[in-house]
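Understanding the architecture of this molecule
Each chain is listed here by its residues.
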Amino acid sequence: MKIYIIGIGLIGGSMGLDIKELYPEATVYGIDTNENHIQEALDIGVIDSEGKFENLSNANFVIVSVPVDVALTVLPKVLDVIGENTIVFEVGSTKAPICEAVANHSKRRNFIATHPIAGTEFSGPSAAIKGLFQGKTNIICEVERTAFKLQEKALDLFKAIGMRIRYMEPKSHDKHIAYVSHLSHISAFMLGKTVINKEKHEQDIFDMAGSGFESTVRLAKSSPAMWTPIFKQNRKQVVKTLEEYISNLTQFKELLINEDYDAIYEEMESVNRIKEILNGMVK
Ligand code: NAP
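**A closer look at the environment of Leu-10**
With respect to the element layout, Leu-10 can be found in helix α1 (residues 10–22). Assessed through its relative accessible area of 10%, Leu-10 is described here as buried. Each C-alpha atom of the pair Leu-10 and Ser-123 lies 5.2 Å from the other, and the pair is 113 residues apart in sequence. Sequence-distant contacts of Leu-10, defined by excluding residues within four places in its chain, comprise Gly-119, Thr-120, Phe-122, Ser-123, Gly-124, Ala-127, Ala-128 and Leu-132.

**As for the site of the ligand**
Taken together, 26 residues sit near the ligand, with Asp-32, His-37, Val-66, Ser-93 and Gly-124 positioned nearest. Between the ligand and Ile-11, the relevant distance is 2.8 Å, taken from an oxygen atom to a main-chain nitrogen or oxygen of the residue. Contact between the ligand and Gly-124: an oxygen atom at 2.8 Å from a main-chain N or O atom of the residue. Listed by contribution, the elements that provide at least two residues to the shell around the ligand are α1, α3 (68–81), β6 (111–116) and α9 (224–233). When the residues that make up the shell around the ligand are grouped by side-chain class, the tally is 12 nonpolar, 13 polar and one charged.

**Overview of unusual backbone geometry**
Even without a glycine there, the phi angle at Glu-142 is positive, about 50°. In this structure, Glu-142 sits in the loop between β7 (137–141) and α5 (148–160). Positive phi, normally seen in glycine, also occurs at Glu-259, with a value near 55°. Note on placement: Glu-259 falls in the loop between α10 (235–257) and α11 (261–271).

**Observations concerning the sheet that holds strand β2 (residues 27–31)**
Strand order across the open sheet formed by eight strands is β3-β2-β1-β4-β5-β6-β7-β8, with mixed pairing between neighbours. Each having just a single partner strand, β3 (49–50) and β8 (164–168) make up the two edges of the open sheet. Here α5 sits on the sheet in contact with β4 (61–64), β5 (87–90), β6, β7 and β8, set at roughly 55° to β5.

**Examining the domain arrangement of the chain**
We note that the domain assignment places domain 1 (2–169) and domain 2 (172–282) within the chain. Domain 1 and domain 2 are separated by 30 Å when their C-alpha centres are compared. On the domain 2 side, the residues contacting the 22 residues of domain 1 number 16 residues. A combined buried area of about 1500 Å² lies between domain 1 and domain 2, and 61% of that area is made up of carbon and sulfur atoms. Broken down residue by residue, the surface that domain 1 buries against domain 2 is led by Ser-93, Thr-94 and Glu-121, which jointly contribute 35%. Taken together, the connections running from domain 1 to domain 2 amount to two salt bridges. Ionic pairing is found between Lys-221 and Glu-121, a salt bridge with its closest N-O pair at 3.5 Å. Where domain 1 meets domain 2, there are nine residue pairs in polar contact (both at pLDDT 80 or more). At the level of elements, α3, α4 (96–101), β7 and β8 are the ones that each hand at least two residues to the side of domain 1 that touches domain 2.

**Quick notes on the pairing of strand β1 (residues 2–6)**
Among the five residues of β1, four are classified as buried, and the element is accordingly described as predominantly covered. Regarding the hand of the β-α-β motif, the stretch spanning β1, α1 and β2 is right-handed. Where β1 meets β4, four bridges bridge the pair, whose relative direction is parallel. Counted as the bridge partner of Ile-6 is Val-64 from β4.

**Brief notes about the pairing of β2**
Counting buried positions along β2 yields four of five residues, so the element is predominantly enclosed. Inspection of the sheet shows β2 paired to β3 by two bridges, in the parallel sense. For Gly-30, the partnering residue across the bridge sits in β3 and is Glu-50.

**Some remarks on the packing of α10 against α11**
Contact geometry of α10 with α11 gives a least axis separation of 8 Å together with a crossing angle of 145°. Between α10 and α11 the crossing geometry is left-handed. Facing α10, whose interface residues are Gln-251, Phe-252, Leu-255 and Leu-256, α11 presents Tyr-261, Ala-263, Ile-264, Glu-267 and Met-268. Of the residues assigned to the contact of α10 with α11, the class counts are seven nonpolar, one polar and one charged.

**Observations regarding the packing of aromatic side chains**
What characterises a pair of aromatic rings is the spacing of the ring centres plus the angle enclosed by the ring planes. Under the defined criterion, the tally for this structure stands at four aromatic pairs. The interplanar angle of 15° and the centroid separation of 4.6 Å between the aromatic rings of Tyr-4 and Tyr-29 together place this pair among those described as stacked. Here the residue Tyr-4 occupies a position in strand β1, and Tyr-29 occupies one in strand β2, the gap between them amounting to 25 residues. No difference in accessibility class separates Tyr-4 from Tyr-29, as the two residues are buried. Ring geometry for Phe-89 versus Phe-158: centroids 4.8 Å apart, planes at 85°, classification edge-to-face. Of this pair, Phe-89 sits in strand β5 while Phe-158 sits in helix α5; the two residues are 69 residues apart in sequence, bridging distant segments of the chain. No difference in accessibility class separates Phe-89 from Phe-158, as the two residues are buried. Among the aromatic side chains, those forming a connected cluster through ring pairs are Phe-61, Phe-89 and Phe-158.

Conventions adopted
- Residues numbered from 1 in each chain as written.
- Predicted model: local features only at pLDDT ≥ 70, side-chain atom pairs only at ≥ 80, totals over all residues.
- Heavy atoms only, no water.
- Helix = DSSP H or I, 4+ residues; strand = E, 2+ residues; numbered from the N terminus.
- Buried < 20%, exposed > 50% of the residue type's maximum accessible area, 1.4 Å probe, protein only.
- Contact = heavy atoms within 4.5 Å.
- Near = heavy atom within 4 Å.
- Polar contact = N/O pair within 3.5 Å; in protein donor to acceptor, adjacent residues only side chain to side chain.
- Nonpolar A, V, L, I, M, F, W, Y, C, P; charged D, E, K, R; others polar.
- Pairing = 2+ DSSP bridges.
- Axes fitted to C-alpha atoms, helices over the stretch in contact; angles between N-to-C directions.
- Domains from an automatic or database assignment.
- Buried area = accessible area lost by both parts, 1.4 Å probe.
- Salt bridge = Lys/Arg side-chain N within 4 Å of Asp/Glu carboxyl O.
- Right-handed = clockwise from strand over helix to strand, strands pointing away.
- Left-handed = near helix turned anticlockwise from the far one by under 90°.
- Phe/Tyr/Trp six-rings, centres within 6.5 Å; stacked < 30°, edge-to-face > 60°.

Next comes the structure, spelled out in structure tokens:
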């Protein structure tokens, strides 16, 4: 089996590690514009060999795991050169623009649109984690647009690496993910900014910051190169979630200005049910 991974970073690299363990007979090739990442991926055993775009016609699977703006141009080029039975999947955090970019491609039936809900705030092949996808959800969009026999092979691979499958329309995916992922990142970035701007002596932050601050601000370590195109592609939905979030923050501020502590208590108590929601969540 020949597997090509385009974009050997956290997600592509983690897929490479799992695939190499599950299918020892497979050869995993990496394609990346960052030569250091190719070398790192070879050194740590994330890939077996550097791949070439012109050899994609021999691939069984091509995994596209580049930033979402890059995916818009790379994905159609991949579909242009693959073989009849090659399965291509893309793992970006937005789905509607990517599905639209290949909607009329003659090889659309070789493509499966996915978003594995798994990751960390780190980037590059050294951030790859074996078992990252175990027990996590993979959202698949427009499954009916992928050839049935190729769908089956892709689903077998996703299940082998431990993923549960959820099907969703691209626009619904982008709408919901704006709340649970994109807004969380903006919120962490702006919390980090607020504290950094006020605490000019960074050591003071480290001395006083507890685990609560650290876990809340964790996502602010994420890569701007990855997140700027995500916010650009999902701008309308993200703006909507921000308006709702800002309104909640403003309302909370008003309660505090008015010293309405009963309302503040009730507000927090009503949100406490997030515990039950998260406990019952399919992760
Ligand atoms: P990453 O660690 O930064 O890896 C992306 C890799 O692609 C980097 O090595 C990057 O090189 C390379 N690259 C950039 N342009 C390229 C091109 N034209 N051709 C080939 N390689 C190129 O990013 P990631 O976290 O794995 O994210 C990859 C995709 O997964 C993104 O679409 C993201 O939305 C999605 N995703 C991420 C997470 C997460 O938690 N991180 C979760 C689910 C889905 P440079 O670093 O030099 O640019």
